[in-house]
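# Structure at a glance
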Amino acid sequence: MAFTKIDHYEKEYIDTHHDSALNVTQGVEDQPIVNPYFKRKKRRALSTDEYVEGILAGNITILSQAITLIESNKPDHYAQAQEIIERCLPHAGKSVRIGITGVPGAGKSTFIEAIGGMVASLRHRLAVLAIDPSSERSGGSILGDKTRMESISSNPDIFIRPSPSAGSLGGVARKTRETIVLCEAAGYDVIFIETVGVGQSETAVHSMVDMFMMLQISGAGDELQGIKRGIMEMADMMVITKADGENIHKAELAKVQYQGALHLFPMPESGWRPKVYTCSSVAQTGLEEVWKGVEEYLDHIQANGYYEAHRNQQNKYWMYESINEVLKSSFYQNPAIAERIAEVEQRVLDAKLSSFIAAKELLDVYFGEKAHE
């Protein structure tokens, strides 16, 4: 029974009715919600050697901690994370990287849960990197994919890592590519990268995967309505989900329509004409055909040399992306810029300075500082 402090009127009533059969206990002061004597133990920081050894041994706790280190914005964390990545790099590159995207409501998480369990049953080790959109207002993310993928989250051969998009282009986490390297070094030979949804993020995901899979739903109006040509051209495979019950006929019709649309596009560089499949994640139908299609595509691009050429092109792309990232970080962390940027921004807001002249002014300050270093 909880006791609370009585107020003035209750006390006055008790004092005037002291001969009453009703006795009210005085109660106690409100207690703090958190134990004031509790002291959180500070976790010992692991050395780079311990991180690398743990990752190569497949320790998912240390792998998770290393990924958190990669996602950190602290300069000292960045330096250690880069050293860990460099030492894991010789053990990486031996996985199949598959990007999975689709319109909101296409059932991306349900599909990954269904096909992920099947892939693990084929003696593969699967890492699922799910990109969760960060709030533009609070900067927070729900990171709920582990909850949504309940049936596979406890599988020891499946590692699920939701990551916040951190405001980067279209919702692709800035450090996803480095995370892939660590997962490969930890022994995961199949990597799924789930994007937020159809948007600009697909371009970034396409630059880090071997295969790009697009999920679609049928029965939602005109099957080709609103489908951006650029995204369809990137797809190496299209899967119509929720092909069960009364929706089977609609899914088959959508399959024919999408297959016809894909044939209108020029032949991709891979030399592979994308195919369309139907499946039901709930009824567990069509999943084997989808995975067989994945294997056929991979066999094709490895035979014609596109697999290796594409990865080399991706490495070049990410070299320039890394340069851009470091330059951007260096600019905003420069003390002279930090001192002046608020004042210049206010002049732009007051219409006393154009955006372009303001940018040039700040860049002149930055390069002037660099010239004197």
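See the structure above.
Residues numbered from 1 in each chain as written. Predicted model: local features only at pLDDT ≥ 70, side-chain atom pairs only at ≥ 80, totals over all residues. Heavy atoms only, no water.

Next up on the list: the pairing of strand 5 (residues 211-217). Taking burial as the measure, the 7 residues of strand 5 include 6 buried ones, the bulk of the element. By the bridge criterion, 5 bridges tie strand 1 (residues 96-102) to strand 5 in an arrangement that is parallel. Bridge pairing in strand 5 links isoleucine 98 to methionine 211. In this sheet, strand 6 (residues 237-241) lies alongside strand 5 in parallel orientation, the contact comprising 5 bridges. Among the inter-strand pairings, leucine 215 is bridged to a residue of strand 6, identified as valine 239. (Buried < 20%, exposed > 50% of the residue type's maximum accessible area, 1.4 Å probe, protein only. Helix = DSSP H or I, 4+ residues; strand = E, 2+ residues; numbered from the N terminus. Pairing = 2+ DSSP bridges.)

Looking at the element boundaries, asparagine 334 is found in the loop between helix 13 (306-333) and helix 14 (335-349). Non-local contacts of asparagine 334, meaning those with residues more than four positions away in its chain, are made with Tyr366 and Glu369. (Contact = heavy atoms within 4.5 Å.)

Time to look at the environment of histidine 91. Within the element layout of this structure, histidine 91 appears in the loop between helix 4 (75-88) and strand 1. According to the relative accessible area criterion, histidine 91 is partly exposed, its value standing at 39%. As a C-alpha pair, histidine 91 and glycine 187 span 96 residues in sequence and 8.7 Å in three-dimensional space. Dropping the residues within four chain positions of it, histidine 91 is found in contact with Leu56, Glu184 and Ala185.

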